[in-house]
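# Overview (structure and organization)
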Amino acid sequence: MTRILGIDPGSQRTGVGIIDVDAAGKVTHVFHAPLVLVTAGEFPARLRRLLDGLTALIVEHRPDEVAIEKVFMARNPDSALKLGQARGAAIGAVVLRDLPVSEYAATEVKLAVVGRGSAEKAQIQHMVGLMLGLSGKLQADAADALAVAITHAHVSATAKRLGVGVQQAWGRKG
């Protein structure tokens, strides 16, 4: 059994989702939630809340691997910088625990979960709910984090079947 922590980084809310994957590739829901950062005050305090929140999740749930969404280019440069800093803080929190990190673009996650790289948020939420047997509407950031974890589970299973690395299994990245 492999436990995967998925992270959808954000400077106001960071989605986190944890799944277990068995040897046959079956995914099981463990946990999901948004880490609400915006109420922490100034930006440095938000980063602190992000670090503390991820550290607590890692200690409690003990993931084996981490998958995180890559930063996309935003229209607002300040927002893009803050998103990048939040993503960096998230990566820092997990590498300090010696966890391997895999990165996926939003279009890769949408393609893996919905079958279209231009899928809408509602489609992601719906498919994640179906795949994990969850009822009710999922919070968007947490659903995205679960989708990142599911993507990593699928890519890892393909890599294992092919006898190649995760990067090779997904595309011509490395």
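Our subject is the structure listed above.
Before going into details, it helps to say that this report is about the structure given with it.

The rules behind these values
- Residues numbered from 1 in each chain as written.
- Predicted model: local features only at pLDDT ≥ 70, side-chain atom pairs only at ≥ 80, totals over all residues.
- Heavy atoms only, no water.
- Pairing = 2+ DSSP bridges.
- Helix = DSSP H or I, 4+ residues; strand = E, 2+ residues; numbered from the N terminus.
- Axes fitted to C-alpha atoms, helices over the stretch in contact; angles between N-to-C directions.
- Salt bridge = Lys/Arg side-chain N within 4 Å of Asp/Glu carboxyl O.
- Buried < 20%, exposed > 50% of the residue type's maximum accessible area, 1.4 Å probe, protein only.
- Expected span 1.5 Å × (residues − 1).
- Arc of directions from axis to C-beta.

### Observations concerning the sheet that holds strand 1 (residues 2-8)
The mixed open sheet is built from five strands, whose spatial order is 3-2-1-4-5. What marks the edges here is a single partner per strand, and that holds for strand 3 (27-36) and strand 5 (101-104). Each strand axis lies, on average, 20° off the axis of its neighbour in the sheet, ignoring direction.

### Concerning the pattern of salt bridges
When charged atoms on two side chains of opposite charge get close, those side chains can pair. Under the counting rule described, the total for this entry stands at six salt bridges. In this structure, D20 and R3 form a salt bridge, with 2.7 Å as the shortest nitrogen-oxygen distance. Taken together, the positions of D20 in strand 2 (residues 13-21) and R3 in strand 1 put the pair 17 residues apart, joining distant regions of the chain. What makes R3 partly exposed here is its relative accessible area of 21%. Note that D144 is salt-bridged to K121, the shortest N-O span being 2.3 Å. Linking D144 in helix 5 (residues 140-162) with K121 in helix 4 (residues 121-132), this pair joins segments that are 23 residues apart in sequence.

### A closer look at helix 4
Taking 1.5 Å per residue, 12 residues should reach 16 Å; helix 4 reaches 17 Å between its end C-alpha atoms and fits that length. Taken residue by residue, helix 4 has I124, Q125, V128, G129 and L132 as its buried positions. When helix 4 is viewed along its axis, its buried side chains cluster within an angular range of 130° and face the same direction. What points out from helix 4, more than 90 degrees from its buried face, is the exposed set A122, H126 and L130. One or two residues past the end of helix 4 sits G133, with phi positive at roughly 65°.

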